[in-house]
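Spelled out, the chains give:
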Amino acid sequence: MNVRLAVASDIGWIAELSKSRLFTAKWSREALTAEFARPDSLFLAVDDAAVRGYALARLFEDEARLVDMASAEDGKGCGRALFEALRAAARDRKCRRITLDVSAANARALAFYEKAGAKVVGRRKKFYNDGYDALLMDRNLA
């Protein structure tokens, strides 16, 4: 599986993927273009003749904040490949941890991140528009 830095021509694929999956941020092309241009963004894509997944993180001091991640298919290893590539890229940029939020309603993602070594460290009550809590998670990189 080829995980690489996203390029501008990936934005259309990523916007469509973001809109088609549950629990994603539903990014518009304009918002993705703005994220792509940010100097503090780390934007990865899984490429298999077309974009099959993406991960978007923002870097701040020694933290990589996972903002959004999705793959076109569940259970095919795309998410694992993306998260591992994110870990490696964050370490290369001197980050000590990855932080993220997961909807308490998203049991599949919660299990995925726990299996990847992330731990729940907090909760934001009724954080999402659907009324569900956000579970705050950290994954140390040291």
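Residues numbered from 1 in each chain as written. Predicted model: local features only at pLDDT ≥ 70, side-chain atom pairs only at ≥ 80, totals over all residues. Heavy atoms only, no water.

Colleague: Can you lay out the sheet that holds strand β1 (residues 2-5) for me, pointing to particular residues and giving the numbers?
Modeller: Read across the sheet, 7 strands follow the order β1-β2-β3-β4-β5-β7-β6 without closing on themselves; strand pairing throughout is mixed. Edge strands, defined here as strands with exactly one partner in the open sheet, are β1 and β6 (119-124). Within the sheet, the average angular offset between the axes of one strand and its neighbour, ignoring direction, is 25°. As defined by bridge partners, β6 adjoins strand β7 (residues 134-140) across 5 bridges and the pair is classed as antiparallel. Along β7, the bridge assignment pairs V120 with M137. (Pairing = 2+ DSSP bridges. Helix = DSSP H or I, 4+ residues; strand = E, 2+ residues; numbered from the N terminus. Axes fitted to C-alpha atoms, helices over the stretch in contact; angles between N-to-C directions.)

Colleague: Hey, could you go over the side chain of R139 for me, with residue numbers and the actual values?
Modeller: Tracing the backbone shows R139 in strand β7. Buried within the structure, R139 lacks any salt-bridge partner; E84 is the closest side chain of opposite charge, at an N-O distance of 6.1 Å. A distance of 2.7 Å separates a polar side-chain atom of R139 from the backbone oxygen of A116. The residues contacting R139, other than those within four sequence positions of it, are F83, R87, R96, R97, I98, A116, G117 and A118. (Buried < 20%, exposed > 50% of the residue type's maximum accessible area, 1.4 Å probe, protein only. Lys, Arg positive; Asp, Glu negative; His and termini not counted. Salt bridge = Lys/Arg side-chain N within 4 Å of Asp/Glu carboxyl O. Polar contact = N/O pair within 3.5 Å; in protein donor to acceptor, adjacent residues only side chain to side chain. Contact = heavy atoms within 4.5 Å.)

Colleague: Outline the packing of aromatic side chains, listing residues and values.
Modeller: A complete count under the given rule lists 5 aromatic pairs for this structure. Ring centres of F112 and Y113 lie 5.1 Å apart, and the angle between their planes is 80°; on these two criteria the pair is classed as edge-to-face. A relative accessible area of 23% places F112 in the partly exposed class. Here Y113 falls in the buried class, since its relative accessible area comes to 8%. Ring geometry for F127 against Y128: centres 5.1 Å apart, planes inclined by 85°, an arrangement best described as edge-to-face. Given a relative accessible area of 26%, Y128 falls into the partly exposed group. One aromatic cluster in this structure is built from F83, F112 and Y113. (Phe/Tyr/Trp six-rings, centres within 6.5 Å; stacked < 30°, edge-to-face > 60°.)

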